[in-house]
Amino acid sequence: MNKIVKGEFESNLDNILLKESPDSILVVTGKKSFTGSVAEIYFNSISSNYDITFYSKNEKNPSFEEILRLLVKYAETNFDLIVCYGGGSVIDFSKLVALFKNNISHFKNNFQNSADLLNTVPIIAIPTTAGSGAESTQFAVMYREKTKFSVLNKKILPKYVILDPKTTFSLSKHQVACSTIDAVCQSIESLWAKNKNKESELYALKSLALIYSNISSVYENNENIRSLMLEGSNLSGKAINISRTTGPHAMSYYLTTFHDIPHGEAVAINIEPFIEINFESIREKIKLKLFEIFKVTTKKEFISSIKLLKLNLGLRADLSSVKNLNINRYSSFINIERLKNNPVELSTNDILNIIKKSSLKS
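The following paragraphs examine the structure supplied in this document. Computed from a predicted structure; not experimentally measured. (Residues numbered from 1 in each chain as written. Predicted model: local features only at pLDDT ≥ 70, side-chain atom pairs only at ≥ 80, totals over all residues. Heavy atoms only, no water.)

1. Some points on the overall build of the protein chain
Part 1 of the argument: Across its full length, the protein chain holds 17 helices and eight strands.
Part 2 of the argument: The C-alpha radius of gyration of the protein chain comes to 20 Å, within 12% of the 21 Å expected for a compact globule of 362 residues.
Part 3 of the argument: Projected onto its principal axes, the C-alpha coordinates of the protein chain cover approximately 60 × 45 × 35 Å.
Part 4 of the argument: Within the protein chain, residue pairs in contact and separated by at least 24 positions form 78% of the contacts whose partners lie at least 6 positions apart.
Part 5 of the argument: Here the protein chain has roughly 15700 Å² of accessible surface; of this, 49% comes from carbon and sulfur atoms.
Part 6 of the argument: One finds the centroid of the 44 positive side-chain charges in the protein chain at a distance of 5 Å from the centroid of its 36 negative side-chain charges. (Helix = DSSP H or I, 4+ residues; strand = E, 2+ residues; numbered from the N terminus. Rg over C-alpha atoms; globule rule 2.2 N^0.38 Å. Contact = heavy atoms within 4.5 Å. Areas by Shrake-Rupley, 256 points an atom, 1.4 Å probe, with all protein chains shown as cover. Lys, Arg positive; Asp, Glu negative; His and termini not counted. Charge placed at Lys NZ, Arg CZ, Asp CG, Glu CD.)

Next comes the structure, spelled out in C-alpha cells:
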C-alpha cells in the first residue's frame, strides 16, 4: 500500500522530504508540462537544500531506449528518492527507472522477470492528469521497438502519492478528455475482468460515481471538481491494480503506437463493442449499481450513454475516424496479455470482425 495525501503538493512534499531526509533526488517530469509550472518554481526554491537532478522525459510513451540512456548516464549517481511530476507516462517511466536504477544489467537482459530485484529507489508520485491511476498500480507500460511490454513488480508502487488539483490546471481540453475517458474505461473493464474481486469492484464503482457525477464540469479549473476527478482516477488505478485491464486496452496500443492516438482515447474507441461482448460477465448486483450511476436501465442505454460521453468530450467515436488504418496489421498486433484477462475468449477472427465493424461506422 502507498500513502496517499491530498492537498497542496508543496507543503505535503516538504513534510515527506523532511521525513525521508534524502541526500540526492531525481525529479522526473514531462517534456513541456514542467517549464513555467508551479512545480518548477517549487523545486527551484528548495534546490539549495537538496542535491536535485532534473530529467525531462523526451518521448511520449516510456521507451526501453530512453530508460536505458538515463540509467547509463546516472549509473554512478546514488539517488535516494525519485519524485515524478506528470501524467501516467511520466509515472510509468519513473517506476521503471526506480526499479532498475541499481539493476542496469538486469534491465538490459531480462527486464520482464524482475521479481528478485534489490535496491530499488522509493518514489513520490504527483499526478498531473486525472486518468491513468498509474500512481496506484504495481505495473508499468514500456515500449521496445514499437512493441508494448508490461513490467509487474510490487516494488514499483510509489511510496507516496500527492493529489493536488492545481497540478491539472495547465492541461488542454483534449488532455482532460483523454485522461477522463481513460479512468472511465479502466473502471468499466475492471468490473468484468477475469481477475476482478469484490474489492476491485468497489474501487471501480466509486471511481465511476465520482467521475460521472462531475463530468459536466470537467473542463473547469475548479479545485473541488478536480480533486474529485483525481480521486476517481486514483480509485480506477486501484481497481485495475487488482483486476488488470481487458480487451479495450489490448486493442489500444496499436492505435497509440502507429496512429499517435492518446492512450485514453485509443482505449475508448473500442469500448462499446466490448460492453456488448462482456456485459454478462458483470455480476447482477454490480450491473444495477452501474445503471444507477449512469442513470440508465438497460445495456443498450448504458452503451448510448458512453457514446454520448465520448461525443461530449470531443473524442473519436469509432475506428472510422482513424486514417489509413491497416485492418489486418491491426488485428495481428493485439496485446495478448491484456486479452487473456477478457472474460469472453476471442479468436483472431473475432478481433478482426470487431475492427471491421467499427471501421465502417460513421
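Structure shown, so let's carry the discussion forward.
2. Concerning the pairing of strand E7 (residues 147-152)
Part 1 of the argument: By the bridge criterion, six bridges tie strand E6 (residues 139-144) to E7 in an arrangement that is antiparallel. Across the sheet, the residue bridging to Ala140 is Val151, located in E7.
Part 2 of the argument: Joining the antiparallel neighbours E6 and E7 is a turn of two residues, in which Glu145 adopts a positive phi near 50 degrees. (Pairing = 2+ DSSP bridges.)

3. Some thoughts on the side chain of Asn270
Part 1 of the argument: Mapping Asn270 onto the fold places it in the loop between helix H11 (263-269) and helix H12 (271-278).
Part 2 of the argument: Look past the residues within four positions of Asn270 in its chain and what remains in contact with it is Pro248, Met251, Leu255, Leu319, Tyr330, Ile354 and Ser358.

4. Digging into unusual backbone geometry
Part 1 of the argument: One non-glycine residue, Asn119, lies in the positive phi region at around 60 degrees.
Part 2 of the argument: The residue Asn119 is located in the loop between helix H5 (104-110) and strand E5 (123-127) in this model.
Part 3 of the argument: Judged by relative accessible area, which is 57%, Asn119 ranks as exposed.
Part 4 of the argument: One non-glycine residue with positive phi stands out, namely Asp260, at about 55 degrees. (Buried < 20%, exposed > 50% of the residue type's maximum accessible area, 1.4 Å probe, protein only.)

5. What to know about the side chain of Asp92
Part 1 of the argument: As for its position among the elements, Asp92 is in helix H4 (residues 88-100).
Part 2 of the argument: Residue classification places Asp92 among the buried positions, given a relative accessible area of 11%.
Part 3 of the argument: In this structure the side chain of Asp92 is engaged in a polar contact, spanning 3.0 Å, whose partner is the backbone nitrogen of Val141.
Part 4 of the argument: Residues contacting Asp92, with those up to four places away along its chain left out, are Pro62, Ala134, Phe139, Ala140 and Val141. (Polar contact = N/O pair within 3.5 Å; in protein donor to acceptor, adjacent residues only side chain to side chain.)

6. Here we look at the sheet that holds strand E4 (residues 81-86)
Part 1 of the argument: Across the sheet, six strands lie side by side as E1-E8-E5-E4-E2-E3; this open sheet has parallel pairing. The sheet terminates laterally at strand E1 (3-6) and strand E3 (51-56), the two strands that pair on one side only. Across the sheet, the axes of successive neighbouring strands diverge by a mean angle of 20 degrees, strand direction being ignored.
Part 2 of the argument: Examined bridge by bridge, strand E2 (residues 24-29) and E4 share five bridges and lie parallel to one another. Paired with Thr29 across the two strands is Tyr85, which belongs to E4. (Axes fitted to C-alpha atoms, helices over the stretch in contact; angles between N-to-C directions.)

Interpretation in functional terms is not warranted from these geometric data alone.
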